[in-house]
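Geometric and topological summary
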Amino acid sequence: MSNIQIEDRHIFYMKKALETAVKYTQHGEVPVGAIIVKDDEIISFGTNHRENEKNCLCHAEIEAINNACKKLGGWRLWQCTMYVTLEPCPMCAGAIINARIPKVIFGAYDKKNGSCGSVTNLFELPYNHKPEVLGGVLQEECAALLKVFFKKLRKGEIKQFGTHHE
Ligand SMILES: [Zn+2]
């Protein structure tokens, strides 16, 4: 467990992001859940749909941003906080910057693709918007969900039809 004092609010919403990943991830998809919170209210959800949509753009964060923009009727999400179970990739970190989201809380670190501290931290670079980021909230629970998925995938218990496996 991390020694960082994590606010109860962050844990509460990360549990909601985890629930989103568990409940709404379709078969064959890497389970990632994202939610967007505004004024202490969840205004949108997203999960990963890459396999079913056969499209690399269909990450949980992108879906959550898309839904939030539709709901709020604008592209600037400057009053919102994103909670996501996995560290955002460069595409999603870029979308977060473009959406002007001021704060991102993530669960598991992604050593191979994470762009909010692992591979790089796009939020530290001198873009026109620098979101605040906190990683490792419910890290073990978020990582466990992915671990179980990849174990099943390796055993062939889960099939992905959008990719080719040896
Ligand atoms: Zn992404």
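You'll find the structure just up there.
Residues numbered from 1 in each chain as written. Predicted model: local features only at pLDDT ≥ 70, side-chain atom pairs only at ≥ 80, totals over all residues. Heavy atoms only, no water.

Moving on, we come to helix 5 (residues 139-155). The terminal C-alpha atoms of helix 5 lie 24 Å apart, and with 17 residues this matches the ideal 24 Å at 1.5 Å per residue to within 8%. Listing the buried residues of helix 5 in full gives Cys142, Leu146, Phe149 and Leu153. The buried residues of helix 5 all sit within an arc of 60° when viewed along its axis, so they share a single face. Structural note: helix 5 exposes Lys147, Arg154 and Lys155 on the side pointing more than 90 degrees away from its buried face. Lining the buried residues of helix 5 we find helix 1 (8-24), strand 3 (80-86) and strand 4 (103-108). Looking one or two residues beyond helix 5, the residue adopting positive phi is glycine 156, at roughly 80°. (Helix = DSSP H or I, 4+ residues; strand = E, 2+ residues; numbered from the N terminus. Expected span 1.5 Å × (residues − 1). Buried < 20%, exposed > 50% of the residue type's maximum accessible area, 1.4 Å probe, protein only. Arc of directions from axis to C-beta. Contact = heavy atoms within 4.5 Å.)

Right, let's talk about helix 1 for a bit. Between its first and last C-alpha, helix 1 extends 24 Å over 17 residues, near the 24 Å set by a 1.5 Å rise per residue. Of the residues making up helix 1, those classed as buried are His10, Tyr13, Met14, Ala17, Leu18, Thr20 and Ala21. All buried residues of helix 1 project into a common sector of 150° when viewed along the axis, lining one side. When the buried face of helix 1 is taken as reference, the exposed residues oriented beyond 90 degrees from it are Asp8, Val22 and Lys23. Along its buried surface, helix 1 packs onto strand 1 (33-38), strand 2 (41-47), strand 3, strand 4, strand 5 (132-134) and helix 5.

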